[in-house]
Amino acid sequence: MVGKIIFQGAEALILLDKNKIIKKRVKKSYRISELDEKIRKLRTRAETKLLEKASKKISVPKVLKSDEKTKEILMEFINGKKLSKYLDNFPEKQQLKIFKQVGENIAKLHDSDIIHGDLTTSNMIVKNDNVYFIDFGLGFISYKIEDKAVDLHLLKQALEAKHFKNWEKLFSEVLKNYKKSEKADLVLKQLEKVEKRGRYK
């Protein structure tokens, strides 16, 4: 296997080869072989399309090659600081600046009907004051206000769990800048409903 494994997830292996990333969707032995082949092929295609669409709006890794046969996506390596690891070490002023951009980025994605599906600080990298969103493996296209609200709710939960010291200020910064989205009012109203559902479960 070419490259060094830097992450092994449930769905894919992430390999680093020089300054390139290879995302390889792994076989699932519990699935029927033909079905597994089809699912991995479709997910490779879907993620490639999402990355290419998102790249027109925000900073994401550039797709260099996508191979549905091998279920691999070759993309540029963003050699920056992963927020899950470094965010809490930054001064508060810098954290707020980063999350201003995070809010703007989500607004731009949602205005293009792109749902990231896994908005956590593990999927955000800062390089030269620029916030890159990575791993669109759980992403999809949706016009639904509900899906956009859930995307934001997942980020809120991730911040609360991992960066509890400052999470309220950071999420507040996200929402303030998300208001630049065309449908922000509708999405934020729906977010309140999503949160109430979560509380009364």
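See the structure above.
Report follows, based on the coordinates.

Reading the values: rules and limits
Residues numbered from 1 in each chain as written. Predicted model: local features only at pLDDT ≥ 70, side-chain atom pairs only at ≥ 80, totals over all residues. Heavy atoms only, no water. Helix = DSSP H or I, 4+ residues; strand = E, 2+ residues; numbered from the N terminus. Contact = heavy atoms within 4.5 Å. Axes fitted to C-alpha atoms, helices over the stretch in contact; angles between N-to-C directions. Parallel < 35°, antiparallel > 145°, perpendicular 65-115°, else oblique. Left-handed = near helix turned anticlockwise from the far one by under 90°. Nonpolar A, V, L, I, M, F, W, Y, C, P; charged D, E, K, R; others polar. Pairing = 2+ DSSP bridges. Buried < 20%, exposed > 50% of the residue type's maximum accessible area, 1.4 Å probe, protein only. Salt bridge = Lys/Arg side-chain N within 4 Å of Asp/Glu carboxyl O. Phe/Tyr/Trp six-rings, centres within 6.5 Å; stacked < 30°, edge-to-face > 60°. Lys NZ or Arg CZ within 6 Å of the ring centre and 35° of its normal.

One can find proline 61 in the loop between helix 1 (33-54) and strand 4 (63-67). Here the alpha-carbon distance between proline 61 and lysine 20, two residues 41 residues apart in the chain, equals 9.7 Å. Discounting chain neighbours no more than four positions away, the residues touching proline 61 are Leu51, Met75, Glu76, Ile78, Tyr132, Phe133 and Ile134.

What follows deals with the packing of helix 3 (residues 92-111) against helix 5 (residues 167-178). Contact pair helix 3 / helix 5: the axes reach a minimum separation of 7 Å and the direction vectors enclose 40°. Here helix 3 lies oblique to helix 5, going by the angle between them. The interaxial crossing formed by helix 3 with helix 5 has right-handed handedness. Facing helix 3, whose interface residues are Glu92, Gln95, Leu96, Phe99, Lys100, Val102, Gly103, Glu104, Ile106, Ala107 and His110, helix 5 presents Lys169, Leu170, Glu173, Val174, Asn177 and Tyr178. Of the residues contributing to the contact of helix 3 with helix 5, the split by class is 8 nonpolar, 4 polar and 5 charged.

Taken in spatial order, the 5 strands line up as 1-2-3-5-4 in an open sheet, and their pairing is antiparallel. In the strand order of this sheet, the two ends are held by strand 1 (4-8) and strand 4, each with one partner. If you compare each strand with its neighbour and ignore which way they point, the axes differ by 20° on average. Two strands pair when backbone bridges link them, and strand 1 and strand 2 (residues 12-17) are joined in this way by 4 bridges, in the antiparallel orientation.

Further remarks concern the side chain of serine 112. Structurally, the position occupied by serine 112 is in the loop between helix 3 and strand 7 (114-115). Using a relative accessible area of 11% as the deciding quantity, one classes serine 112 as buried. Those residues in contact with serine 112 that lie beyond four places of it in its chain are Lys53 and Lys57.

A word on the pattern of salt bridges. For the structure shown, the criterion picks out 17 salt bridges. A salt bridge links arginine 43 to glutamate 11; its shortest N-O distance comes to 3.0 Å. You can see arginine 43 sitting in helix 1 and its partner glutamate 11 sitting in the loop between strand 1 and strand 2, a full 32 residues away along the chain. Glutamate 72 is paired through a salt bridge with lysine 24; the nearest N and O atoms lie 3.1 Å apart. One end of the pair, glutamate 72, is in strand 5 (residues 72-76); the other, lysine 24, is in strand 3 (residues 20-25), and 48 residues separate them in sequence. Overall, glutamate 72 belongs to the partly exposed group, its relative accessible area being 24%.

A few words now on the packing of aromatic side chains. The final tally for this structure, using the stated rule, is 0 aromatic pairs. Across from the ring centre of tyrosine 86, 5.3 Å away, lies the NZ or CZ of lysine 81, which sits over that ring.

Our focus in this paragraph is the packing of helix 3 against helix 4 (residues 145-162). Where helix 3 contacts helix 4, the axes come no closer than 11 Å and their chain directions differ by 155°. The angle between the axes of helix 3 and helix 4 places the two elements in the roughly antiparallel class. At the point where helix 3 passes helix 4, the crossing takes the right-handed sense. Along its contact with helix 3, which presents Phe99, Val102, Ile106 and His110, the element helix 4 presents Lys148, Asp151, Leu152, Leu155 and Leu159. The residue makeup of the contact of helix 3 with helix 4, split by class, is 6 nonpolar, 1 polar and 2 charged.

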